[in-house]
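Structural overview for review
Below, each chain spelled out in residue letters.
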Amino acid sequence: PAFFRDLALYLVHFNGQPSSTYQLMGFSMDSREATWAKVKTLLGFDGKSVGDSVQSPEGAPILAGEIKSLGSAENPENLMLTDKPGPGISHIFAMPMGGMTCVSVRVFLFGEEAADVAAREGAVWSAWLTENFPMPAMPEA
């Protein structure tokens, strides 16, 4: 279902435009609920509702736009139509994975500048995820 929400936003707002994307993951040993609470706080969308405008706070990667979906308690997400770092769609969510919680960040950018913005901002997101949601050390088997 998430991919169809992304596709619907693309078809309405960006159909046929040049595009570029970055998809990254971070990890936490905390529960999905605790991890998601941290994501919301760090990115500035805690307490926000569908239709609200959001801008990430200082110290977080650049992210601003309108919230289109927040998912459910069982499947939390933040799907946004973005203005910054460029026109596009961001989809951030948390899900259980192998005894950990995965934080997934997918950003689809559109327009002539999309590739340059994606290359620059993808590196910023990668560093931010590594700092805030590093891969936990796994015990040796």
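Since the model is a prediction, treat every value here as computed from it, not as a measurement.

**Considerations on the side chain of S56**
- Mapping S56 onto the fold places it in the loop between β2 (53-55) and β3 (64-71).
- Overall, the relative accessible area of 12% leaves S56 in the buried class.
- In contact with S56, not counting residues within four places along its chain, are L43, P61, I62 and L63.

**Describing the pairing of strand β5 (residues 88-97)**
- Of all 10 residues making up β5, 7 are buried, and the element is well covered by its neighbours.
- As paired strands, strand β4 (residues 76-84) and β5 are joined by 6 bridges and run antiparallel to one another. Within β5, the position partnered with L81 by the bridge is I89.
- Hairpin geometry of β4 and β5 is characterised by an intervening segment of 3 residues between the two adjacent antiparallel strands.
- With 10 bridges joining them, β5 and strand β6 (residues 100-110) adopt antiparallel strand pairing. Paired with A94 across the two strands is V103, which belongs to β6.
- The antiparallel hairpin formed by β5 and β6 contains 2 residues in its connecting segment, where G98 sits at a positive phi of about 60 degrees.

**A word on the environment of M29**
- Note that M29 resides in the loop between β1 (19-28) and α2 (32-43).
- Classification of M29 as exposed rests on a relative accessible area of 52%.
- Taking the C-alpha atoms as reference points, M29 and G99, separated by 70 residues in sequence, lie 7.4 Å from one another.
- Filtering out sequence-adjacent residues up to four positions away, M29 remains in contact with G99, M100 and P136.

What counts and how
Residues numbered from 1 in each chain as written. Predicted model: local features only at pLDDT ≥ 70, side-chain atom pairs only at ≥ 80, totals over all residues. Heavy atoms only, no water. Helix = DSSP H or I, 4+ residues; strand = E, 2+ residues; numbered from the N terminus. Buried < 20%, exposed > 50% of the residue type's maximum accessible area, 1.4 Å probe, protein only. Contact = heavy atoms within 4.5 Å. Pairing = 2+ DSSP bridges.

Everything listed here is a matter of geometry and, on its own, says nothing about what the molecule does.
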